[in-house]
Amino acid sequence: MKISILDQSPVSSGSSPAEALAQTALLAREAERLGYHRFWVAEHHAASGLAGSSPEVLMAHLAAVTSDIRIGSGAVLLPHYSAYKVAENFRVLEALYPGRIDLGVGRAAGGGAPAAKALQDTRVSPAGADRYEEQLQELITYLHDAEDAGTVNPAGPQVMPAVHSAPEIWLLGSSQSSAALSARLGTGYAFAHFISGSGGAEAVREYKNRFMPSCAGTAPRPLAAVFAVCAETAAEADRLAASMDLSVVLLEKGHVSSPTPSPDTAVNYTYTPFDRFTIRENRKRMIVGSPAEVREQLQALAEQYQCGELMLSSHIHCFEDKLKSFRLIAEACGLPSRE
């Protein structure tokens, strides 16, 4: 089983966004050393708790400070941009780091309505128009210079620079509809289990059953992404995960991202019965425990999804604890160290 990492560059309380981005780079280097397969970074806007707003820029830095681990976006929020410009950004990355670049694409807002409006600026679409599938088709065509990818404008301008390889294209989603779309286009499919803890196995099964080969991919490539916290003991892992428990409670109440609180702050917080219910439900989307427990849970999740790759994300407050968590998981799962 391959194991990868999605880092959302979370900002911890008492820290800064600049420190969070620097820690993402340190984590990428450690992930490569430990034997993780790929390392993705996210796109969020107007979120004080998440520093990653430009995955393409961050990816260029991460690829420069690593050697062979795959570097990708999880995800570029395509509806905000032109497919042509996204294709050019990733052609540049592919030219610089051939065979190492993943283009993960999503359609979430990535922030509130004001951020979405600011991102789109003067771009105006007809009321109610949804061009997401059309944009994806255009993106595939631009990256592969292929006239058979289904785009409505196959004779569009060539994407520069001209290179002889293309990034792996992945569609990120958490529903049956995203799985079906990914299958139609022949892309890889990443199910966000950490967003939706139910229906993922069925979505991946539908993706594999309906998959249609294309220039974007000749065979299904599914993975499932989940929050994970590991420590030497289950009790310590549970204490570290308390930061994420409080984060989700605060997000539910304020509907805005805020810096990750410390475990002590989380333990001493006064939770309502509904808060406790929210935490129990969110824990269904998390893997928490000792190395042996985490390995067992990851194996069960891989069997549930019938996929050969899992992607882990973590918002542990202390960066050293976060590094240790990923080290323990790598050791427990027998990842091939690059030392």
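Residues numbered from 1 in each chain as written. Predicted model: local features only at pLDDT ≥ 70, side-chain atom pairs only at ≥ 80, totals over all residues. Heavy atoms only, no water.

Enquirer: How should helix H3 (residues 83–96) be read in this particular structure?
Expert: Count 3.6 residues to each turn of an α-helix, and residues three or four apart come out pointing the same way. Its 14 residues give H3 an end-to-end C-alpha distance of 20 Å, which sits within 8% of 20 Å, the value for a rise of 1.5 Å per residue. Turning to H3, its buried residues number three or more, namely Ala83, Val86, Ala87, Glu88, Phe90, Arg91, Leu93 and Glu94. For H3, the secondary structure elements touched by its buried residues are helix H2 (55–65), strand E3 (70–73), strand E4 (76–77), strand E5 (101–106) and helix H5 (132–144). (Helix = DSSP H or I, 4+ residues; strand = E, 2+ residues; numbered from the N terminus. Expected span 1.5 Å × (residues − 1). Buried < 20%, exposed > 50% of the residue type's maximum accessible area, 1.4 Å probe, protein only. Contact = heavy atoms within 4.5 Å.)

Enquirer: Quick question: what am I supposed to make of the side chain of Ser12 here?
Expert: Note on placement: Ser12 falls in the loop between strand E1 (2–7) and helix H1 (17–34). Here the side chain of Ser12 touches His317 through a polar contact of 2.7 Å, landing on its backbone oxygen. Apart from residues lying up to four places away in sequence, Ser12 is in contact with Pro259, Thr260, Ile316 and His317. (Polar contact = N/O pair within 3.5 Å; in protein donor to acceptor, adjacent residues only side chain to side chain.)

Enquirer: Any chance you could explain the packing of aromatic side chains here in plain terms?
Expert: Two measures describe an aromatic ring pair: the distance that separates the ring centres and the angle between the ring planes. For the coordinates displayed, the defined rule picks out 9 aromatic pairs. Looking at Arg221, its charged tip hangs above the ring of Trp170, at a distance of 5.1 Å from the centre. (Phe/Tyr/Trp six-rings, centres within 6.5 Å; stacked < 30°, edge-to-face > 60°. Lys NZ or Arg CZ within 6 Å of the ring centre and 35° of its normal.)

Enquirer: How do you make sense of unusual backbone geometry when you look at a structure like this?
Expert: Cis peptide bonds are those with omega within 30 degrees of zero, and the linkage from Gly74 to Ala75 qualifies with 20°. Along the chain, Ala75 turns up in the loop between E3 and E4. The omega torsion of the bond from Met160 to Pro161 falls at 0°, within 30 degrees of zero and hence cis. With respect to the helices and strands, the residue Pro161 is situated in the loop between H5 and strand E6 (168–173). Of note, Gln306 is a non-glycine position whose phi angle comes to about 55°, a positive value. Relative to the helices and strands, Gln306 is located in the loop between helix H11 (291–305) and strand E10 (309–313).

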